[in-house]
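# Structural description and commentary
Chain by chain, the residues run as shown.
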Amino acid sequence: MTQTATATKTLVLPDAQTVTSVTHWTDRLFSFRVTRPQSLRFRSGEFVMIGLMGDTGKPLLRAYSIASPNWDEELEFYSIKVPDGPLTSRLQHIQPGDEIILRPKPVGTLVHDALLPGKRLWLLATGTGLAPFASLMRDPETYEKYDQVIMMHTCREVAELEYGRQLVEGLKTDELIGEMVEGKLLYYPTTTREAFHHMGRVTDNLSSGKVFADLGIPGPMDPATDRAMICGSLAFNVDLKAILEGWGLREGANSEPAEFVVEKAFVGDGI
Ligand SMILES: Cc1cc2nc3c(=O)[nH]c(=O)nc-3n(C[C@H](O)[C@H](O)[C@H](O)COP(=O)(O)OP(=O)(O)OC[C@H]3O[C@@H](n4cnc5c(N)ncnc54)[C@H](O)[C@@H]3O)c2cc1C
Ligand SMILES: NC(=O)c1ccc[n+]([C@@H]2O[C@H](COP(=O)([O-])OP(=O)(O)OC[C@H]3O[C@@H](n4cnc5c(N)ncnc54)[C@H](OP(=O)(O)O)[C@@H]3O)[C@@H](O)[C@H]2O)c1
């Protein structure tokens, strides 16, 4: 269910931005859009600190990937709802017209600048790790830099894939980017705990060669042509890194671009 802002309120928080719409996808996932500070410039894939004013009068801030592309006039975020989470137990109740705090200092490693030029770009995510790729998939630069872009997203259940599915579906008819995406973006969503047409962990589907066979593309990854960006739980990131390194790809950074980059989708090991 999506709600849209109809009225503007006076901004009272430091670095305040106004919520313009909220969409609840499941009982643990929602997305929302906020006004964008005029001065905020960011590279698609970066994250910022956002939050609410805490009970003690101090801002309660958490890292959030910007899910919208850098050309969008608003900012979009894709969020978990942690039942007892200090921030998201409250953030999940925001409504259009409410304010959030947004520190306008974007940073992060999931950016084009941290990768050497290549031909195929792999975007590999679990859960809300999709967020930075929701930005990159909507950025024309992604399709200018690569011949093929493959988005692998895995969640436990089908409903958890819906935000990403609708986003990819919408790209085909997008006025700005539709033609660039056509034939270049391959989308490979899978589940692990509910029946779906494609199932299995990203790691297993890469190691077994299943994803290459299913998409009819050559495998495994080749350090000369393949580039990858990884965003999921710590365990996911660690396991995937080992697979890519086994294929000869090296981890890069803003200061030293290489064949793949990694960022944690969250810190911690359980809700
Ligand atoms: C670089 C970076 C980017 C991030 N980007 C996003 C984003 O785009 N969207 C988003 O929802 N979160 C993102 N996070 C996580 C976010 O910072 C918060 O942890 C999250 O909003 C929960 O905040 P909280 O205060 O409610 O609970 P916290 O005290 O922060 O977390 C409580 C526990 O919940 C679990 N958890 C937290 N976040 C997630 C998650 N996203 N998915 C699954 N389990 C989680 C962890 O086990 C954690 O220990 C990011 C984290 C980092 C480090
Ligand atoms: N998703 C839910 O419905 C749900 C509900 C209530 C609470 N929680 C809690 O929320 C926390 C986060 O849950 P989440 O579902 O967002 O994230 P998650 O547990 O990291 O799982 C997301 C996806 O990543 C896969 N995965 C996990 N570890 C991996 C690895 N090392 N390599 C490759 N793939 C891996 C999972 O596959 P597998 O299924 O094979 O592990 C799953 O498909 C967990 O602590 C969980 O207990 C989740």
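Basis of the calculations
Residues numbered from 1 in each chain as written. Chains lettered and ligands numbered in written order. Predicted model: local features only at pLDDT ≥ 70, side-chain atom pairs only at ≥ 80, totals over all residues. Heavy atoms only, no water. Near = heavy atom within 4 Å. Polar contact = N/O pair within 3.5 Å; in protein donor to acceptor, adjacent residues only side chain to side chain. Areas by Shrake-Rupley, 256 points an atom, 1.4 Å probe, with all protein chains shown as cover. Helix = DSSP H or I, 4+ residues; strand = E, 2+ residues; numbered from the N terminus. Nonpolar A, V, L, I, M, F, W, Y, C, P; charged D, E, K, R; others polar. Domains from an automatic or database assignment. Pairing = 2+ DSSP bridges. Axes fitted to C-alpha atoms, helices over the stretch in contact; angles between N-to-C directions. Contact = heavy atoms within 4.5 Å. Buried area = accessible area lost by both parts, 1.4 Å probe. Salt bridge = Lys/Arg side-chain N within 4 Å of Asp/Glu carboxyl O.

### A closer look at the site of ligand 1
Lining the immediate surroundings of ligand 1 are 23 residues, of which Ala63, Tyr64, Leu87, Thr88 and Thr128 lie closest. Between an oxygen atom of ligand 1 and a side-chain N or O atom of Thr88, the distance comes to 2.6 Å. Alone, ligand 1 offers 870 Å² of accessible surface; in the complex the protein occludes 86% of this. Contributions of two or more residues to the shell around ligand 1 are made by strand S5 (59-65) and strand S6 (74-80). Classifying every residue of the shell around ligand 1 gives 13 nonpolar, seven polar and three charged. Both domains that furnish three or more residues to the shell around ligand 1 are identified here as domain 1 (2-107) and domain 2 (112-270).

### Here we look at the sheet that holds strand S9 (residues 148-155)
On the basis of which strands lie adjacent, the open sheet formed by five strands has the order S10-S9-S8-S11-S12 and parallel pairing. Two strands bound the open sheet, and with one partner strand each, they are strand S10 (185-191) and strand S12 (260-264). Across the sheet, the mean angle separating the axes of adjacent strands is 10° when strand polarity is ignored. In this sheet, S10 lies alongside S9 in parallel orientation, the contact comprising seven bridges. Each residue of the ladder has a partner; that of Val149, found in S10, is Leu185. Across the sheet, helix H8 (residues 234-246) touches strand S8 (120-126), strand S11 (226-232) and S12, and the angle it forms with S11 is around 165°.

### Here's the deal with the domain arrangement of the protein
As far as domains go, the protein holds domain 1 (2-107) and domain 2 (112-270). Taken residue by residue, the interface counts 21 residues in domain 1 and 19 residues in domain 2. Considering only the surface of domain 1 that becomes buried against domain 2, Trp25, Trp71 and Tyr78 emerge as the three largest contributors, covering 35% of it. Inspection of the region where domain 1 meets domain 2 yields three salt bridges. Taking the shortest distance from any N to any O, the salt bridge between Glu160 and Arg28 comes out at 3.0 Å. Remark: the boundary between domain 1 and domain 2 carries twelve residue pairs in polar contact (both at pLDDT 80 or more). Put simply, the parts of the chain that give the side of domain 1 that touches domain 2 at least two residues each are strand S2 (16-26), strand S3 (29-35) and S6. Of all the elements, S6 adds the most residues to the side of domain 1 that touches domain 2, at four residues. Considered class by class, the residues forming the side of domain 1 that touches domain 2 number ten nonpolar, eight polar and three charged.

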